[in-house]
Amino acid sequence: MLLGTLAVGATAVTVASAGGCSSDDPTVSIAAGEPDGFYIEFANLLRPLLHAQVVPTLGSVQNIRSVSAGTADLGLALADALDAAQKGLPAFGRPVRLSALGRVYENYMQLVVRADSPVRAVPDLAGRAVSLGANGSGAALFGERLFATAGVMLGQARHLSLKDAVGALREDMIDAMLWSGGVPTEVLAQADREWGIRLLELGAYVPELRRRYGRYYNEVALPAGTYRAAGAVHTVGVPNLLVTGPHCPDRVVRNTVRVLVEHAGQLVPKQARGTQYLDVGNLINTEPLPLHPAAAETYRALRG
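What you see is a predicted model; the values in this text were computed from it and never measured.

Colleague: Sorry, what's going on with the nonpolar core here?
Modeller: The nonpolar side chains of a soluble globular protein tend to be buried with one another. Within the largest apolar cluster, 77 residues are counted, with the highest numbers of intra-cluster contacts made by Leu111, Phe147 and Leu260. Counting residues domain by domain, this core receives three or more from each of domain 1 (28-107 + 239-303) and domain 2 (111-237). Excluding residues that lie within four positions of it along the chain, Phe147 makes contacts with Leu111, Val122, Leu125, Val130, Leu132, Val152 and Leu154. Among the nonpolar cores identified, the runner-up in size contains 24 residues, and Tyr108, Leu169, Trp195 and Val220 belong to it.

Next up, the structure:
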């Protein structure tokens, strides 16, 4: 089942190498995410408006690396991963300098178990097998932080793609899986309909996560009915930013910002049942990154 993960990675490398924001090539490449995930759905909505090429990836960490290297023009990434990149933490090796075009949506961290699982809370996962998300994903970075904050030692930490993790959970090969995305994520909703899932409460860990790692973590409630489990589940929300690197021309930045503002109504993925940021007031709130100068100039012009 890991062949699916490897195939996504190979596709990302092959397609991204054709990117690069050169003035001779009108095609914009967007480093997105896993198939069936929030990032790739959002990127596919942007694609016709920007005449863009959507690059499947494994998530935030890989996207940051691709944009920094100039093999993708734009990328979607979680704010906590971008903060880690700026600081040159181990996932990146050296400080990475990027700038933001806008804050777009909020990802929901979803720690999923089978509906019939005896696991009721994060401490119950001590000594058990958990998929923390694919290598190169923001979920994997967050997962390490979550279990460190909770003081829980896993028996086995695995790094599976979304579909592989759902399959492993169905077959009882793992006890839980962590996914970072919009709600509802269709692959999880399908699993819920077919054999039943539950999400564990994570909201209580937000204050300590913020104290240890920064203020990018917010307590959010999944709306009741997102999945079949009754009632709202409190979890951790992390803002998504659309980012670029030093290789991308100002004209592409300006055009992208205009699209974000003028076509906001067309850029709402089905998974975006939670918080939206597609208005100027929230788009420009891009902590921890500065707004790209051309983006800031365009927002000022559009606000009149």
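Colleague: Before we go on, may I ask you to explain the pairing of strand E7 (residues 176-181) in this structure?
Modeller: Remember that side chains alternate between the two faces of the sheet whenever the strand is regular. For E7, the buried fraction is high: 6 of the 6 residues fall into the buried class. Two strands pair when backbone bridges link them, and strand E4 (residues 99-114) and E7 are joined in this way by 5 bridges, in the antiparallel orientation. From the neighbouring strand, Tyr108 faces E7, where its bridge partner is Gly181. Relative to E7, strand E5 (residues 129-131) is paired through 2 bridges, and the arrangement is parallel. Residue pairing in the sheet places Val130 in a bridge with Ala176 of E7.

Colleague: Hey, could you run me through the packing of helix H5 (residues 138-150) against helix H8 (residues 206-213) in this one?
Modeller: When two helices pack together, you describe them by how their axes are tilted relative to each other and by the distance separating the axes. Running from N to C, H5 and H8 point in directions that differ by 110 degrees, and their axes come no closer than 10 Å. As judged from the angle between their axes, H5 and H8 are roughly perpendicular. Here the hand of the crossing between H5 and H8 comes out right-handed. Contact residues: Phe142, Arg145, Leu146, Ala148 and Thr149 in H5; Glu208, Leu209, Arg212 and Tyr213 in H8. Across the contact of H5 with H8, the residue classes break down as 5 nonpolar, 1 polar and 3 charged.

Colleague: Which parts of the structure should I look at to understand the pairing of strand E1 (residues 28-31)?
Modeller: Of the two faces of E1, the one carrying Val28 and Ile30 and the one carrying Ser29 and Ala31 are both buried. Direction of pairing for E1 relative to strand E2 (residues 52-55): parallel, over a ladder of 4 bridges. What sits directly across from Val28, in E2, is Ala52. Each parallel crossover has a hand, and the one from E1 via helix H2 (residues 38-50) to E2 is right-handed. Pairing geometry for E1 and strand E3 (residues 74-78), over 2 bridges, is parallel. Across the sheet, Ala31 pairs through a bridge with Gly75, a residue of E3.

Colleague: Even after reading the chapter, I still don't get the side chain of Arg145, so can you show me in this structure?
Modeller: Secondary-structure assignment places Arg145 in helix H5. Buried and unpaired, Arg145 has Asp80 as its nearest opposite-charge partner, separated by 4.3 Å.

Colleague: How should H2 be read in this particular structure?
Modeller: Residue pairs spaced three or four apart in an α-helix point in one direction, given the helix's 3.6 residues per turn. In this model H2 runs 18 Å from its N-terminal to its C-terminal C-alpha over 13 residues, within 8% of the 18 Å that 1.5 Å per residue would give. Within the span of H2, buried status applies to Phe38, Tyr39, Ile40, Phe42, Ala43, Leu46 and Leu50. Where H2 ends, the next residue or the one after it, His51, has phi of about 55 degrees, a positive value.

Colleague: Please explain empty space enclosed by the protein as it appears in this structure.
Modeller: Summary: where empty space remains is shown by rolling a probe the size of a single water molecule over the atoms. Enumeration over the complete set of coordinates arrives at 4 cavities of 30 Å³ or more. There is about 180 Å³ of room inside the largest cavity. In terms of lining residues, the largest cavity is bounded by 19 residues, among which Tyr39, Leu58, Gly59, Trp179 and Ser180 are the most central. For the lining of the largest cavity, the secondary structure elements donating two or more residues are H2, H5 and E7. The residue makeup of the lining of the largest cavity includes at least three contributed by each of domain 1 (28-107 + 239-303) and domain 2 (111-237).

Colleague: I keep staring at helix H9 (residues 250-262) and nothing clicks. Help me out?
Modeller: The end-to-end C-alpha separation of H9 is 18 Å, in line with the 18 Å expected for 13 residues at 1.5 Å each. Within H9 the residues assigned to the buried category are Val252, Val253, Thr256, Val257, Val259 and Leu260. Viewed along the axis of H9, the buried residues span an arc of 160 degrees, placing them on a single side of the element.

Colleague: For this particular structure, what's the right way to read the environment of Ala84?
Modeller: Among the secondary structure elements, Ala84 is positioned in helix H4 (residues 79-87). Separated by 129 residues in sequence, Ala84 and Tyr213 place their C-alpha atoms 9.1 Å apart.

Colleague: Explain the layout of surface pockets here, please?
Modeller: The computed volume of the largest pocket comes to approximately 230 Å³. Among the elements of the structure, helix H3 (60-69) and H5 are those that each provide at least two residues to the lining of the largest pocket. Per-element accounting of the lining of the largest pocket gives the leading share, 4 residues, to H5. Looking at the lining of the largest pocket residue by residue, the classes come out as 7 nonpolar, 4 polar and 3 charged. Counting contributing residues per domain, the lining of the largest pocket is built from domain 1 (28-107 + 239-303) and domain 2 (111-237), each supplying no fewer than three.

About the cut-offs
Residues numbered from 1 in each chain as written. Predicted model: local features only at pLDDT ≥ 70, side-chain atom pairs only at ≥ 80, totals over all residues. Heavy atoms only, no water. Core = buried A, V, L, I, M, F, W, Y, C linked by side-chain atoms within 4.5 Å. Buried < 20%, exposed > 50% of the residue type's maximum accessible area, 1.4 Å probe, protein only. Domains from an automatic or database assignment. Contact = heavy atoms within 4.5 Å. Helix = DSSP H or I, 4+ residues; strand = E, 2+ residues; numbered from the N terminus. Pairing = 2+ DSSP bridges. Axes fitted to C-alpha atoms, helices over the stretch in contact; angles between N-to-C directions. Parallel < 35°, antiparallel > 145°, perpendicular 65-115°, else oblique. Left-handed = near helix turned anticlockwise from the far one by under 90°. Nonpolar A, V, L, I, M, F, W, Y, C, P; charged D, E, K, R; others polar. Right-handed = clockwise from strand over helix to strand, strands pointing away. Lys, Arg positive; Asp, Glu negative; His and termini not counted. Salt bridge = Lys/Arg side-chain N within 4 Å of Asp/Glu carboxyl O. Expected span 1.5 Å × (residues − 1). 1 Å grid on protein atoms, 1.4 Å probe; cavity = no way out; pocket = protein on both sides within 12 Å on 5 of 7 lines; lining within 4 Å. Points joined across faces, edges and corners; volume = space filled by probe spheres on them. Arc of directions from axis to C-beta.

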